[in-house]
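Single-letter residue listing:
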Amino acid sequence: MPKSNTPSRERIVAGAADMISRRGLSATSIREMAKHAKAPLGSTYHYFPEGKQQLATEAVRYTGEWVARRLRRELEAGPAAGLRAFLDLWRGIVVESDFHAGCPVLAVAIEEPPADEVPPALAAAAEVFEQWETLLAASLREHGVEADEAAQLATLVVAAVEGTVAMCRAKRSTEPLDRTADQLQALVTAAVRG
């Protein structure tokens, strides 16, 4: 079967996620996202007829599921392993991009939405953060942590890692991630032992 030259929908979504992780949503047009994914603008609008907000929403969900798959796999070995994987994933992204890329979910979440409106991409970001927190909290509960503490610690992990990724980009250093990793590992270990 001959290979199609038409870019896949997934490649466009992945390219949009990468572009948003580097420049944010407001600073990125659908034309730039298509170009970054090496996709014709017409193909991009074919897959995403509602435009930039639809593509950004899919990019957030794509990132969310990509991270969640890794978390699910690593959390099988316990919350400490899941935390290490979560930290390593973001470390890889910031280092491999020479501190130019961060998390597209965070990038969308910090954009100022239009007054009295919750854009679909922002709603998707909230769902993704909730998904990551739920996975971490479930693992903590499975390892003996009380439900309330597990939920609080999971929120702390996601918030700390997301904020630390932004700090790494600003400082052009992994030092914030290293410091945060040490503290989060200590908290998770103490919670599981407690």
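Our subject is the structure listed above.
Just so it is clear, the structure is predicted and the values come from calculations on it, not from any experiment. (Residues numbered from 1 in each chain as written. Predicted model: local features only at pLDDT ≥ 70, side-chain atom pairs only at ≥ 80, totals over all residues. Heavy atoms only, no water.)

Undergrad: Please set out the layout of surface pockets residue by residue, giving values where relevant.
TA: In this structure, the largest pocket encloses a volume near 230 Å³. Looking at the largest pocket, it is lined by 13 residues, and the ones nearest its centre are Ala17, Asp18, Thr63, Trp66 and Ile93. For the lining of the largest pocket, the secondary structure elements donating two or more residues are helix 1 (9-23), helix 4 (52-75) and helix 5 (79-96). With 5 residues, the single largest contributor to the lining of the largest pocket is helix 1. Across the lining of the largest pocket, the residue classes tally to 8 nonpolar, 3 polar and 2 charged. Looking at the second largest pocket, its volume works out to about 170 Å³. Together, Leu25, Ser26, Lys52, Gln53, Val108, Glu111, Glu112, Pro113, Pro114, Pro119, Ala121 and Leu122 line the second largest pocket. Going through the elements one at a time, helix 4 and helix 7 (120-142) are the ones with two or more residues in the lining of the second largest pocket. Residues that form the lining of the second largest pocket fall into these classes: 7 nonpolar, 2 polar and 3 charged. (1 Å grid on protein atoms, 1.4 Å probe; cavity = no way out; pocket = protein on both sides within 12 Å on 5 of 7 lines; lining within 4 Å. Points joined across faces, edges and corners; volume = space filled by probe spheres on them. Helix = DSSP H or I, 4+ residues; strand = E, 2+ residues; numbered from the N terminus. Nonpolar A, V, L, I, M, F, W, Y, C, P; charged D, E, K, R; others polar.)

Undergrad: Please provide a residue-by-residue account of the packing of helix 5 against helix 9 (residues 175-193), values included.
TA: In the contact formed by helix 5 and helix 9, the axes pass within 9 Å of each other and the chain directions differ by 165 degrees. In terms of orientation, helix 5 and helix 9 fall into the roughly antiparallel class. Considering only the axes of helix 5 and helix 9, their crossing is right-handed. Contacts between helix 5 and helix 9 pair Pro79, Ala80, Leu83, Arg84, Leu87, Trp90 and Arg91 from the former with Leu177, Asp178, Ala181, Leu184, Gln185, Val188 and Val192 from the latter. Partitioning the contact of helix 5 with helix 9 into residue classes produces 10 nonpolar, 1 polar and 3 charged. (Axes fitted to C-alpha atoms, helices over the stretch in contact; angles between N-to-C directions. Parallel < 35°, antiparallel > 145°, perpendicular 65-115°, else oblique. Left-handed = near helix turned anticlockwise from the far one by under 90°. Contact = heavy atoms within 4.5 Å.)

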